[in-house]
Amino acid sequence: MEDGGVVENADRDKAEAYLAALGKVRSVDEEEALLTEFGEWLVANGYKISVVEKNGKHRLACPYFPPVTPWVEHAFLDIRNLGLLPRAGNGG
């Protein structure tokens, strides 16, 4: 189904919701809980995420949601939380 030239994709919409929520976290605990949940969802659905650092922020990309790649720049409250996410190319 198309809407404004964009093919609907329930998984992409779910990923975009997680990424939007990540941009609104206010504590390390909230961030960790959300990243854990997001990471588990990605693994359960066979997706990976790529993380690229730029100017102290991290761009999270889910490159397996055609035709639109959801992304967000998010300054992690605790850099160790990056380890909670599966990344493209690391096997999980």
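It should be emphasised that the depicted structure is a prediction, and the values quoted were computed from it without experimental measurement.

Chemist: Which residues make up the overall build of the chain, and what values do they have?
Modeler: Looking only at helices and strands, one finds 2 helices and 5 strands in the chain. Listing every helix and strand of the chain by position from the N terminus yields β-β-α-α-β-β-β. Looking at the chain residue by residue over its 92 residues, the buried ones come to 34%. Total accessible area on the chain is roughly 5,500 Å²; 49% of this is exposed by carbon and sulfur atoms.

Chemist: So, helix α1 (residues 10-22): which residues are in play, and what are the values?
Modeler: With 13 residues, α1 extends 19 Å from end C-alpha to end C-alpha; this agrees with the ideal 18 Å at 1.5 Å per step. Listed in full, the buried residues belonging to α1 are R12, A15, Y18, L19 and L22. The arc enclosing the buried residues of α1, seen along the axis, measures out at 120 degrees, which places them on a common side.

Chemist: Can you lay out the packing of α1 against helix α2 (residues 28-44) for me, pointing to particular residues and giving the numbers?
Modeler: Between α1 and α2, the shortest axis-to-axis distance is 10 Å and the interhelical angle comes to 165 degrees. On the basis of the axis angle, α1 is roughly antiparallel to α2. As for how α1 packs across α2, the hand of that crossing is left-handed. Touching D11, K14, A15, Y18, L19, A21 and L22 of α1 are L34, L35, E37, F38 and W41, all from α2. Looking at the contact of α1 with α2 residue by residue, the classes come out as 9 nonpolar, no polar and 3 charged.

Chemist: Which residues make up the pattern of salt bridges, and what are the values?
Modeler: This structure, assessed with the given rule, holds 3 salt bridges. Ionic pairing is found between D13 and R12, a salt bridge with its closest N-O pair at 3.9 Å. Residue classification places R12 among the buried positions, given a relative accessible area of 6%. For the salt bridge of R12 with E16, the shortest nitrogen-to-oxygen distance reads 4.0 Å. With R12 and E16 both in helix α1, this residue pair falls 4 residues apart, about one helical turn. When salt bridges that share partners are traced, they join R12, D13 and E16 into one network.

Chemist: Kindly report on α2, identifying the contributing residues and their values.
Modeler: Taking 1.5 Å of rise per residue, 17 residues should cover 24 Å, and α2 covers 24 Å from first to last C-alpha, within 8% of that figure. Every buried residue belonging to α2 is among E31, L34, L35, F38, G39, W41 and L42, and all of these are buried. Angular distribution of buried residues about the axis of α2 spans 160 degrees; they occupy a single face of the element. Those residues of α2 that are exposed and angled more than 90 degrees off the buried face are D29, E40, V43 and A44. Looking one or two places after α2, you find G46, whose phi comes out positive at around 75 degrees.

The rules behind these values
Residues numbered from 1 in each chain as written. Predicted model: local features only at pLDDT ≥ 70, side-chain atom pairs only at ≥ 80, totals over all residues. Heavy atoms only, no water. Helix = DSSP H or I, 4+ residues; strand = E, 2+ residues; numbered from the N terminus. Buried < 20%, exposed > 50% of the residue type's maximum accessible area, 1.4 Å probe, protein only. Areas by Shrake-Rupley, 256 points an atom, 1.4 Å probe, with all protein chains shown as cover. Expected span 1.5 Å × (residues − 1). Arc of directions from axis to C-beta. Axes fitted to C-alpha atoms, helices over the stretch in contact; angles between N-to-C directions. Parallel < 35°, antiparallel > 145°, perpendicular 65-115°, else oblique. Left-handed = near helix turned anticlockwise from the far one by under 90°. Contact = heavy atoms within 4.5 Å. Nonpolar A, V, L, I, M, F, W, Y, C, P; charged D, E, K, R; others polar. Salt bridge = Lys/Arg side-chain N within 4 Å of Asp/Glu carboxyl O.

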